[in-house]
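# Overview (structure and organization)
Now for the letters of each chain:
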Amino acid sequence: MSADAMSAPLPPPPAYRLSKRMSRMKTSAVREILKIAERPDILSFAGGLPAPELFPVDAIAKAFEQTFAREGRPALQYSTTEGFAPLREWIASHLARKGQHVHADQVLITSGSQQGLDLVGKVLLDPGDLVVVEDPSYLAALQTFGGYEVDFATVRSDDAGMDTDDLAALLKKRVPKLLYVIPNFQNPKGTTLSLERRKALVRLAQEHRFIILEDDPYGELRFKGVHLPSLASMDDQGVVLSLSTFSKTLAPGLRLGWVTGPRPLLKSLTIAKQATDLHTATLAQRATALLLETFDYAGHIQALMPIYSERATAMLAALEAHMPKGTKWTRPDGGMFLWVELPQGLDAATLLPRAVEQKVAFVPGAPFFANDQKPQFMRLNYSNRPPDLIAEGMRRLGSVISDAL
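Heads up: these notes are all about the structure in this document. In this text the structure is predicted, and so the values were computed from the model without any measurement.

Rules and cut-offs
Residues numbered from 1 in each chain as written. Predicted model: local features only at pLDDT ≥ 70, side-chain atom pairs only at ≥ 80, totals over all residues. Heavy atoms only, no water. Salt bridge = Lys/Arg side-chain N within 4 Å of Asp/Glu carboxyl O. Helix = DSSP H or I, 4+ residues; strand = E, 2+ residues; numbered from the N terminus. Buried < 20%, exposed > 50% of the residue type's maximum accessible area, 1.4 Å probe, protein only. Pairing = 2+ DSSP bridges. Contact = heavy atoms within 4.5 Å. Axes fitted to C-alpha atoms, helices over the stretch in contact; angles between N-to-C directions. Lys, Arg positive; Asp, Glu negative; His and termini not counted. Polar contact = N/O pair within 3.5 Å; in protein donor to acceptor, adjacent residues only side chain to side chain. Core = buried A, V, L, I, M, F, W, Y, C linked by side-chain atoms within 4.5 Å.

## Overview of the pattern of salt bridges
A full pass over the atoms with the stated rule returns 15 salt bridges. Notably, a salt bridge pairs Asp 129 with Lys 177, separated by 2.7 Å at the nearest N-O pair. Here Lys 177 lies in the loop between helix 7 (164-171) and strand 6 (178-181) and Asp 129 lies in the loop between helix 5 (112-124) and strand 3 (130-135), a separation of 48 residues in the sequence. Residue class for Lys 177 comes out partly exposed when judged on its relative accessible area of 31%. Notably, a salt bridge pairs Asp 151 with Arg 174, separated by 3.9 Å at the nearest N-O pair. Of this pair, Asp 151 sits in strand 4 (residues 151-158) while Arg 174 is found in the loop between helix 7 and strand 6, placing the two residues 23 residues apart along the sequence. Here Arg 174 falls in the partly exposed class, since its relative accessible area comes to 37%. Among the charged side chains, a salt-bridge network with shared partners connects Arg 156, Asp 163 and Asp 166.

Here it is, written out as C-alpha cells:
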C-alpha cells in the first residue's frame, strides 16, 4: 500500500436508518454515571447496588458445583421458555406464604425483572397508548415503555406512595392501557404505598379495566414496620401483573426474575419471550433451584436487614449533619434508596461534575420524571457502602451543595 493511500482520509460512516422508536429511547442516566462512579477513588451513591460483601458466594458456588456434578449436561442444554419447573414451583410456594396464591404455571422466569418490563411493553403497548406512572418513577421503566412509543400520564406521589385521588381524577379524562407502580420502597423515592391506597388502586383498575404492573424488587428488604400485602394478592379479577427478582436478595449477576399474573397474559408473555431469547439461562435457573432446596433464604434476608437498616440510619444522620438549610429527603422503611430535594434554585445535574471533583457521585433526579422534569432532586443509594464511608460521602456532598448556594 502506498503512502498516499495510507494517508487518505477515511470515508464517512454510513447513515444508519434506525427505527423511529429509537428516537424515544434515551440513554440511561444511571448506566452513564456508573462509568464514572466505578472509579475506585469515587465514593458512589449512584447505582442501585446491593452490598456485594453480603452475597452468599459460597452457597451459590456450591450450588453451581453440585449442578454440574448431578445434571451438568441438561444444565447446559436448551430449556423451556417458561422456566425450570422446580424453580417456578419454589417461587409459587414462596409467594403463597406472602398471601399471593398462584400456581407454578402462572410463573414465567425472566432474565432479571427488567426483561419482564420489556415483555409487558411488547405484549400490551401500541404507539399512542397511555401509560400511567408515579411522578417520579423508575428510570428504566420509563426508558422501556418509551421505546414502545406510548404517551405518559403522571400521578402525584407523597410519603404514602401514589396518590389514588389524583389517579381517580385522571381516570375521568382518559383510561390508560397500563399503570406501572413500585409499591414497596419505590425507586427513586424509597417510599411505600399505604394499605388504603393499595386497596383503592386495585379497585380503580377493576372498575376501569386497565392493567396494573406491580414491580416489587425491594419488597423483601423491609427493616422497619410491617410487610403490606401485594397488589396481586388483592386482585380477584385478573388486572394485576407482578414482577420480582432475586437480584436484590441473592445476587444481580444471576439475572433471574419472574412475572406472575393471569394465565392468558402469561401465555402472551411467553410467546414474546420465545422471540426474544428463547429462555433464561438454564444453568443459572437449575443452580438457583438447587440452592433453594437447602439454603435458608428467609434467614439470609433476615441477616441483611440489620445491615441495611444501619446504613440507611447512617445516611439519614449524615444528611442531618451536613446538608444545608432547605434540603429535604425521604425516610425509607426498607429498600435501597432515598430521595433528596435540594434548596431552591439548585440543579442536581449541574452539581454532579462538582461532586465528582470532590470524589462523590449520585444520580440527578430529572430523568426519573416522565413528562415535566424537575432538576432539583437527586437519588442516593445507601445499601452499597458501610456507615463510615456514607458519613464521609455525605460530608463531601453537603460541602458541594453548600458551596453552590
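Having seen the model, we can carry on.
## A look at the sheet that holds strand 7 (residues 211-215)
Across the sheet, which stays open at both edges, the eight strands sit in the order 2-9-8-7-6-3-4-5 with mixed pairing between neighbours. The open sheet has two free edges, formed respectively by strand 2 (107-110) and strand 5 (161-162), since each of these has just one partner strand. Contacts from helix 5 reach strand 2, strand 6, strand 7, strand 8 (240-245) and strand 9 (257-260) within the one sheet, and its direction differs from that of strand 8 by about 155°.

## Thoughts on unusual backbone geometry
Here the amide bond leading from Asp 135 into Pro 136 is cis, since omega sits at 10°, within 30 degrees of zero. Note that Pro 136 resides in the loop between strand 3 and helix 6 (139-146). Geometrically, the link from Asn 187 to Pro 188 is a cis peptide bond, its omega value of 25° lying close to zero. Secondary-structure assignment places Pro 188 in the loop between strand 6 and helix 8 (195-208). The residue Glu 149 is not glycine, and still its phi comes out positive at about 60°. Residue position: Glu 149 is located in the loop between helix 6 and strand 4. The class for Glu 149 is partly exposed, based on a relative accessible area of 24%. Phi at Lys 359 is positive, roughly 65°, even though this residue is not glycine.

## A few points about the side chain of Arg 385
Inspection of the secondary structure assignment puts Arg 385 in the loop between strand 14 (377-381) and helix 14 (387-404). Buried charge without a partner: Arg 385 forms no salt bridge, and the closest opposite charge is Glu 53, 8.8 Å away. Among the polar contacts listed, one links the side chain of Arg 385 to the backbone oxygen of Ser 44, at a separation of 3.5 Å. Residues within four places of Arg 385 in sequence aside, it is in contact with Ile 42, Leu 43, Ser 44, Phe 45, Arg 311 and Ile 390.

## Describing the environment of Asp 277
Among the structural elements, Asp 277 can be located in helix 10 (residues 263-277). Setting aside residues up to four positions removed in sequence, Asp 277 forms contacts with Ser 111 and Gln 115. Separated by 3.0 Å, the side chains of Asp 277 and Gln 115 make a polar contact.

## Side note on the nonpolar core
If you look at the biggest cluster of nonpolar residues, it comprises 76 residues, and the most contacted ones within it are Phe 145, Leu 241 and Leu 380. Residue contributions to this core peak at nine residues, all from helix 12 (residues 297-322). When neighbours within four sequence positions are excluded, Leu 380 is seen to be in contact with Phe 45, Met 315, Leu 319, Met 336, Phe 337, Leu 338, Val 340, Phe 362, Met 394 and Leu 397. Core analysis: the next-biggest nonpolar cluster, separate from the first, contains 24 residues, Trp 90, Ala 92, Ala 251 and Ala 289 among them.

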